[in-house]
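Geometric and topological summary
Chain by chain, the residues run as shown.
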Amino acid sequence: MLHLIIVERGAVPSDYLYYRIPCPWLAVKAVQFLLLYPPSTDRETDSLVQECVKKVMESSAIEPDQYGKPVPEGRKNAYRAILLEMMSLVIAYGSQVEESLRGKAVKFLGEFILEKDTNVRYLGLDGLAKMAKQYGNSISASYVPHIMAQLQETDVSIRKRALDVIYISADADSAQEI
């Protein structure tokens, strides 16, 4: 079902498109359902799930259209909801996920911490903390200054999450910069 929604977009009737994103609520629930169970040992199922993750990460859903018209907030939010669940799947599946997908997940989470919206920044920091716990120091050094800047944020939850990310991802190489 998830593959039909994400990859084979033509299989979804136009009535189920939300800001040109097919069934975002159903896609989120399908990924949450997958998170309840351990990763599949079936290669075909695993490849279908990874294909879905790739498709979401390669989507241009939040890029302006050809006329330069800004992306509606509804589309951004629907895409981010699916993207965050896919990143949770990448974290939960651990070493069964391709290295390139983990790198893309870290890249997206790093972009989230650059957003103006406090909630999006929090979700980015939370995701980076989970990635660092699962994979060790997987955070690029280019994001460290942005994470450090979050320590000056007025919102306590952002400061706390930024501190968590720095603590989890610190190692001998990054200690001097931190």
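Residues numbered from 1 in each chain as written. Predicted model: local features only at pLDDT ≥ 70, side-chain atom pairs only at ≥ 80, totals over all residues. Heavy atoms only, no water.

Counting its secondary structure elements, the protein contains eight helices and two strands. Helices (α) and strands (β) of the protein occur, in sequence order from the N terminus, as α-β-β-α-α-α-α-α-α-α. Across the protein, the fraction of contacts at a sequence separation of at least 24, relative to all contacts at a separation of at least 6, is 65%. Accessible area for the protein stands at about 10,300 Å²; split by element, carbon and sulfur atoms hold 54% of it. (Helix = DSSP H or I, 4+ residues; strand = E, 2+ residues; numbered from the N terminus. Contact = heavy atoms within 4.5 Å. Areas by Shrake-Rupley, 256 points an atom, 1.4 Å probe, with all protein chains shown as cover.)

Looking now at the packing of helix 4 (residues 73–93) against helix 6 (residues 118–135). Relative orientation of the contacting elements helix 4 and helix 6 amounts to 15°, with a least axis distance of 10 Å. Classified by the angle between their axes, helix 4 and helix 6 sit roughly parallel to one another. As helix 4 packs across helix 6, the resulting crossing turns out to be left-handed. Taking contact as the criterion, the partners of Arg80, Leu84, Val90 and Ile91 in helix 4 are, on helix 6, Val120, Leu123, Gly127, Lys130, Met131, Gln134 and Tyr135. For the contact of helix 4 with helix 6, the per-class residue count stands at seven nonpolar, two polar and two charged. (Axes fitted to C-alpha atoms, helices over the stretch in contact; angles between N-to-C directions. Parallel < 35°, antiparallel > 145°, perpendicular 65-115°, else oblique. Left-handed = near helix turned anticlockwise from the far one by under 90°. Nonpolar A, V, L, I, M, F, W, Y, C, P; charged D, E, K, R; others polar.)

Another point: helix 6. An ideal rise of 1.5 Å per residue puts 26 Å on 18 residues; helix 6 measures up with 25 Å between its terminal C-alpha atoms. Here helix 6 has its buried residues at Val120, Arg121, Gly124, Leu125, Asp126, Gly127, Leu128, Ala129, Met131 and Ala132. At its buried positions, helix 6 is contacted by helix 4, helix 5 (99–112), helix 7 (144–149) and helix 8 (156–169). Measuring from the side-chain oxygen of the N-cap residue of helix 6 to the backbone nitrogen of Asn119 gives 3.3 Å; that N-cap residue is Asp117. (Expected span 1.5 Å × (residues − 1). Buried < 20%, exposed > 50% of the residue type's maximum accessible area, 1.4 Å probe, protein only. Polar contact = N/O pair within 3.5 Å; in protein donor to acceptor, adjacent residues only side chain to side chain.)

Okay, the pattern of salt bridges next. This model, assessed by the stated rule, comprises eight salt bridges. A salt bridge links Arg102 to Glu99, with the nearest nitrogen and oxygen atoms 3.1 Å apart. Placement of the pair is Arg102 and Glu99 together in helix 5, with a separation of three residues, close to one helical turn. Take Arg102: its relative accessible area is 15%, and that puts it in the buried class. Relative accessible area serves as the criterion here: at 56%, Glu99 is assigned to the exposed category. Several salt bridges converge on common partners, so that one network encompasses Asp126, Lys130, Arg161 and Asp164. (Salt bridge = Lys/Arg side-chain N within 4 Å of Asp/Glu carboxyl O.)

Moving on: helix 5. Its 14 residues give helix 5 an end-to-end C-alpha distance of 20 Å, which sits within 8% of 20 Å, the value for a rise of 1.5 Å per residue. Here helix 5 has its buried residues at Leu101, Arg102, Ala105, Val106, Phe108, Leu109, Gly110 and Phe112. Looking at the buried residues of helix 5, the elements they touch are helix 3 (43–57), helix 4 and helix 6.

Take the packing of helix 2 (residues 24–35) against helix 4 next. Packing of helix 2 against helix 4 brings their axes to within 9 Å, and their N-to-C directions diverge by 15°. With respect to helix 4, the axis of helix 2 lies roughly parallel. Helix 2 and helix 4 meet at a crossing whose hand is left-handed. Residues Pro24, Ala27, Val28, Val31, Gln32, Leu34 and Leu35 of helix 2 pack against Ala78, Ala81, Ile82, Glu85, Met86, Ser88, Leu89, Ala92 and Tyr93 of helix 4.

A few words now on the confidence of the model for the protein. Chain-level statistics for the protein give a pLDDT mean of 80 and a share of 84% at 70 or above. For the protein, helix 1 (residues 2–6) is the element with the lowest average pLDDT, namely 64, and helix 8 is the one with the highest, namely 88. (pLDDT = per-residue confidence, 0-100.)

A few words now on the packing of aromatic side chains. Evaluated as defined, the whole model comprises one aromatic pair. Sitting over the ring of Phe108, Lys107 keeps its end group 4.9 Å from the ring centre. (Phe/Tyr/Trp six-rings, centres within 6.5 Å; stacked < 30°, edge-to-face > 60°. Lys NZ or Arg CZ within 6 Å of the ring centre and 35° of its normal.)

Moving on, we come to the side chain of Arg161. If you trace the backbone, Arg161 turns up in helix 8. Here Tyr122 takes part through its side chain, which lies 3.4 Å from a polar atom of the side chain of Arg161. When neighbours within four sequence positions are excluded, Arg161 is seen to be in contact with Tyr122, Leu125, Asp126 and Ala129.

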